[in-house]
Amino acid sequence: MAKDKKGQVNIYFIISVMLFISLSIYLVYLLMSFYPSKGEAMRINALYGKAYTISELLIKDEGYPADWNEHNIERIGLSSIPYELNSTKISRFKNMCDPYNKTSRETIYNSSGLLDEFFVINIAYLNGTSIVQCSPSGDIEKNSEYLRKSTSQVKRIATLNGEIIEVEVYVG
Amino acid sequence: MLDNNMGKMGRGFIRVFEVVLFTFLLFGILIPSFFRYYDPNDWASAKNKMAAQDMLFTIEKNQTFDNIFIPDYWQSGTNRATLQEKNTESLRNNTERVFPASYDFEYEIKNVPPSRISIGCLCNESDIAWLTSKILTPSYTTSEFSITPVTPNNFSDSFDTFVIFGKQNLEPYKSSITSMLQLGKGFVLIANLSSEPDNMTKEIFGINYTGGSNANVNFQFMDMMDPATNGLSKRYTENLIRIYTLEPNLKGKLHIKGNIYNISQSPDNNCVNISSCPSCLHENQSCLISGVANLTLYQIDPLYAGWIDIKISSVSSNSRNYTFSDYVPRSVAIGKSTVLSDGTSAIANAALGGYSISYETEPRRFWIYQYDSSQDDLNLMLKTGIMWSSGEHFFLFKKAIPDKRIVATHFYTGLNGNNIPFSVSLYAWGY
């Protein structure tokens with residue numbers, strides 16, 4: 001009788017194994033959820049890096065050539081000296097910002113070192129009054145949801161004619 | 001017999017089931033402790049730190065702190081304290097907009113005297129009256145002084161600094177004085193040391209008593225490389241001698257180096273005549289009195305009629321190397337704390353360090369002999385010593401800063417080009 005039982009598996013053992021397997025699966029799932037997608041994280045970090053680089057150029061660099069205009073600009077830069085933005089350069093930048101003009105769009109992308117990323121620059125006073133809202137990638141209103149969810153945003157503080165302003169760069 | 005064996009076997013499996021269940025439950029509970037996810041690219045924190053750093057650079061460009069600490073009140077015609085408050089409020093509003101709405105912040109200032117200095121005075125009513133009228137007048141960055149009589153038994157941490165008049169035995173009050181020093185509170189002693197002081201007095205003010213006679217001497221700042229001497233001499237040339245010109249003729253007197261100079265305002269020309277100066281001085285104009293001093297008219301006070309403010313500096317190439325002249329006791333040897341000396345003895349000491357392990361709460365102590373109180377240049381030295389002893393370290397909004405916060409620090413070259421460097425740390429915290 002005892003020998004007959006040797007090849008059989010007890011019901012408690014089966015339950016235990018099933019429980020073990022199901023809890024293991026749940027545990028692995030739980031652990032996976034602790035970590036963000038590495039690929040997505042790398043992408044976001046790269047975008048933040050680009051946004052930060054552009055923001056540095058905008059508030060600390062005078063651009064190249066120093067007295068650039070939309071025809072000769074090689075590198076974007078809006079300041080006269082670091083943290084002091086130049087109103088003439090801001091005006092020129094504003095004029096260049098036409099998403100439906102292919103030449104302007106390419107000029108901005110080339111001068112800021114971007115390829116084909118979604119890209120928005122907002123310059124405004126701290127009370128919210130807008131100075132420049134530039135979206136070379138397309139209509140900013142249409143992309144507002146995309147802006148909110150998918151982009152890396154870097155906000156910098158600088159001064160323009162004695163007033164404190166904020167420069168926001170979105171790259172997505 | 002067989003059923004018994006089966007029963008034992010079943011009990012064994014139930015134990016396995018229980019152990020598996022228990023292990024998983026335990027493991028599930030401990031998961032958060034085992035796996036603490038940390039993102040090395042914490043952009044939320046980095047962005048706030050970047051905003052703080054940008055803000056400090058930006059307010060340097062905007063000269064925000066110049067407007068807060070040395071407001072242009074004679075131009076705007078507004079009370080200085082009101083203008084300081086208004087400019088501080090503007091900084092608060094701007095900083096609020098820089099950080100997320102759920103963030104709070106605080107500015108920590110080092111090496112600038114606060115706008116208001118609170119003084120506990122171990123002295124009598126006449127000393128307080130003299131201090132109030134001649135010494136504690138609005139000056140470089142500090143617009144308001146409050147002075148309260150104290151006894152050594154009731155020193156309180158509500159004061160920034162303590163002023164002690166005359167030679168006193170401080171030894172019995174060692175513990176209360178030490179507790180104040182450990183909190184970074186300053187001490188100023190105005191006393192002639194004609195006999196040996198107690199050990200506590202010697203220790204606090206770095207006094208090396210030798211005894212000696214009085215003499216008429218010239219004396220000046222010694223060792224400008226010393227941090228205390230350097231700091232005091234720079235502040236001396238930035239502080240203001242406040243002179244009242246009596247109405248209706250608007251005439252007053254300036255006492256420096258034992259000389260008396262007549263002063264008269266010329267309201268029609270908006271200038272001030274000083275005897276020995278070749279022309280009527282307008283604001284920010286200087287006059288060099290050969291061998292004595294370089295005088296600069298800082299302002300004719302637009303708010304308080306009759307008052308004028310003068311800056312004083314040396315006639316030598318180094319404007320901070322001012323030479324004083326007086327009848328002084330020569331009873332203290334030159335030591336590492338000596339700031340004013342005639343070359344053989346110490347005339348004033350400024351002691352730093354000790355008592356506190358933190359630079360932030362390092363107490364500053366200043367001793368000067370009981371000089372001729374009619375001398376405006378020496379009164380300015382005492383004023384400078386009192387302001388310096390206040391610690392020059394304060395928080396702008398007086399908020400409690402939590403341990404978990406971000407901080408950015410920026411060094412500024414000075415206020416209104418005075419070349420007295422100071423640092424500002426901007427703390428921010430929230431979620």
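Thresholds applied
Residues numbered from 1 in each chain as written. Chains lettered and ligands numbered in written order. Predicted model: local features only at pLDDT ≥ 70, side-chain atom pairs only at ≥ 80, totals over all residues. Helix = DSSP H or I, 4+ residues; strand = E, 2+ residues; numbered from the N terminus. Buried ≥ 20, exposed ≤ 12 C-beta atoms within 10 Å, placed from the backbone. Contact = placed C-beta atoms within 7 Å. Pairing = 2+ DSSP bridges. Axes fitted to C-alpha atoms, helices over the stretch in contact; angles between N-to-C directions. Core = buried A, V, L, I, M, F, W, Y, C linked by C-beta atoms within 7 Å. Domains from an automatic or database assignment. Nonpolar A, V, L, I, M, F, W, Y, C, P; charged D, E, K, R; others polar. Parallel < 35°, antiparallel > 145°, perpendicular 65-115°, else oblique. Left-handed = near helix turned anticlockwise from the far one by under 90°. Expected span 1.5 Å × (residues − 1).

### Brief notes about the overall build of chain A
Turning to step 1, where the next piece is worked out: The helix and strand tally for chain A stands at six helices and six strands.
Turning to step 2, where the next piece is worked out: Going through the 172 residues of chain A one by one, you find that 27% of them count as buried.
Turning to step 3, where the next piece is worked out: Nonlocal contacts in chain A, meaning residues at least 24 apart in sequence, comprise 55% of its contacts between residues at least 6 apart.

### A closer look at the sheet that holds strand β14 (residues 323-329) of chain B
All names here are of chain B.
Turning to step 1, where the next piece is worked out: In space, the nine strands of this open sheet follow the order β3-β2-β4-β5-β17-β16-β15-β6-β14, with mixed pairing throughout. In the strand order of this sheet, the two ends are held by β3 (144-149) and β14, each with one partner. Along the sheet, successive strands turn relative to each other by an average axial angle of 25°, direction set aside.
Turning to step 2, where the next piece is worked out: In this structure, strand β16 (residues 346-351) lies alongside strand β17 (residues 365-368), joined through four bridges in antiparallel fashion.

### Comments concerning the pairing of strand β6 (residues 163-171) of chain A
The side chains of a regular strand alternate between both faces of the sheet.
Residues and elements named next belong to chain A.
Turning to step 1, where the next piece is worked out: The buried fraction of β6 amounts to seven of the nine residues, a majority that puts the element mostly inside the structure.
Turning to step 2, where the next piece is worked out: Summarising the sheet, strand β3 (residues 119-125) and β6 pair through seven bridges and their orientation is antiparallel. Bridging from a neighbouring strand, Phe119 pairs with Val171 of β6.
Turning to step 3, where the next piece is worked out: Looking at chain direction, strand β5 (residues 152-160) and β6 are connected through nine bridges and run antiparallel.

### A closer look at the pairing of β3 of chain A
Residues and elements named next belong to chain A.
Turning to step 1, where the next piece is worked out: Looking at chain direction, β3 and strand β4 (residues 130-134) are connected through four bridges and run antiparallel. Within β4, the position partnered with Ile123 by the bridge is Val132.
Turning to step 2, where the next piece is worked out: Between the end of β3 and the start of β4, which pair antiparallel, lie four residues, with Gly128 showing a positive phi angle near 100°.

### Quick notes on the sheet that holds β4 of chain A
Turning to step 1, where the next piece is worked out: With mixed pairing, the six strands of this open sheet are ordered in space as β1-β2-β5-β6-β3-β4 (chain A). Two strands lie at the open edges of the sheet, namely β1 (79-81) and β4 of chain A, each paired on one side alone.
Turning to step 2, where the next piece is worked out: Looking at chain direction, strand β2 (residues 84-85) of chain A and β5 of chain A are connected through two bridges and run parallel. Within β5 of chain A, the position partnered with Glu84 of chain A by the bridge is Thr159 of chain A.
Turning to step 3, where the next piece is worked out: Across the sheet, helix α4 (residues 87-96) of chain A is in contact with β2, β3, β4 and β5 of chain A; its angle to β4 of chain A comes to roughly 40°.
Turning to step 4, where the next piece is worked out: Helix-sheet contacts for helix α2 (residues 43-61) of chain B involve β2, β5 and β6 of chain A, and the interaxial angle to β5 of chain A is about 10°.

### Regarding the nonpolar core
Turning to step 1, where the next piece is worked out: Core analysis: the largest hydrophobic core is formed by 74 residues, its most contacted members being Ile310 and Ile368 of chain B.
Turning to step 2, where the next piece is worked out: The dominant element in this core, judged by the number of residues it contributes, is helix α10 (residues 376-389) of chain B, at seven residues.
Turning to step 3, where the next piece is worked out: When residues of this core are sorted by domain, at least three fall in each of domain 2 (116-223 + 321-388) and domain 3 (237-313) of chain B.
Turning to step 4, where the next piece is worked out: Apart from the residues lying within four places of it in its own chain, the contact partners of Ile368 of chain B are Ile190, Ala348, Met381, Leu382 and Gly385 of chain B.
Turning to step 5, where the next piece is worked out: Counting residues in hydrophobic clusters, the runner-up holds 53 residues, among them Ile54 and Val167 of chain A together with Phe57 and Leu91 of chain B.

### Concerning the domain arrangement of chain B
All names here are of chain B.
Turning to step 1, where the next piece is worked out: Along its sequence, chain B is organised into domain 1 (43-112 + 394-429), domain 2 (116-223 + 321-388) and domain 3 (237-313).
Turning to step 2, where the next piece is worked out: One C-alpha centre belongs to domain 1, the other to domain 2, and the line joining them spans 31 Å.
Turning to step 3, where the next piece is worked out: Counting residues at the interface gives six residues for domain 1, matched by four residues for domain 2.
Turning to step 4, where the next piece is worked out: For the side of domain 1 that touches domain 2, the element with the most residues is helix α5 (residues 80-98), which contributes three residues.
Turning to step 5, where the next piece is worked out: The residue makeup of the side of domain 1 that touches domain 2, split by class, is four nonpolar, one polar and one charged.

### So, unusual backbone geometry
Turning to step 1, where the next piece is worked out: The peptide bond linking Tyr64 of chain A to Pro65 of chain A adopts the cis configuration, its omega dihedral lying at -5°.
Turning to step 2, where the next piece is worked out: Within the fold, Pro65 of chain A resides in the loop between α3 (38-60) and β1.
Turning to step 3, where the next piece is worked out: Phi at Asp223 of chain B takes a positive value of approximately 50°, unusual for a residue other than glycine.
Turning to step 4, where the next piece is worked out: Inspection of the secondary structure puts Asp223 of chain B in the loop between β6 (214-221) and α9 (227-238).
Turning to step 5, where the next piece is worked out: Phi is positive for Lys398 of chain B, close to 55°, though the residue is something other than glycine.
Turning to step 6, where the next piece is worked out: Locating Lys398 of chain B in the fold gives a position in the loop between β18 (393-395) and β19 (406-412).

### As for the environment of Ala346 of chain B
Residue and element names in this part refer to chain B.
Turning to step 1, where the next piece is worked out: Following the sequence through the fold, Ala346 ends up in strand β16.
Turning to step 2, where the next piece is worked out: Sequence separation of Ala346 and Asn208 is 138 residues, and the distance between their C-alpha atoms is 8.9 Å.
Turning to step 3, where the next piece is worked out: Ignoring anything within four residues of it in the chain, the contact list for Ala346 reads Val332, Ala333, Ile334, Gly335, Thr338 and Ser341.

### Regarding the packing of α9 of chain B against α10 of chain B
Residues and elements named next belong to chain B.
Turning to step 1, where the next piece is worked out: Put simply, α9 and α10 touch, their axes get as near as 9 Å, and they point 125° apart. Between α9 and α10, the crossing angle belongs to the class labelled oblique. Crossing angle aside, the handedness with which α9 passes α10 is right-handed. Residue-level contacts link Gly231, Leu232, Arg235 and Tyr236 of α9 to Leu380, Met381, Thr384, Gly385, Met387 and Trp388 of α10.
Turning to step 2, where the next piece is worked out: Residues belonging to the contact of α9 with α10 are distributed by class as follows: six nonpolar, three polar and one charged.

### Brief notes about α2 of chain B
For an α-helix, 3.6 residues make a turn, and residues three or four places apart therefore share a direction.
Turning to step 1, where the next piece is worked out: The first and last C-alpha atoms of α2 of chain B sit 26 Å apart over 19 residues, in line with the 27 Å expected at 1.5 Å per residue.
Turning to step 2, where the next piece is worked out: Residues of α2 of chain B that are buried: Lys47, Asn48, Met50, Ala51, Ala52, Asp54, Met55, Leu56, Phe57, Thr58 and Ile59 of chain B.
Turning to step 3, where the next piece is worked out: Looking at the packing, one finds that the buried side of α2 of chain B touches β5 and β6 of chain A together with α3 (64-69), α5, β19 and β20 (422-429) of chain B.
Turning to step 4, where the next piece is worked out: At the exit of α2 of chain B stands Gln63 of chain B, carrying a positive phi of roughly 55°.

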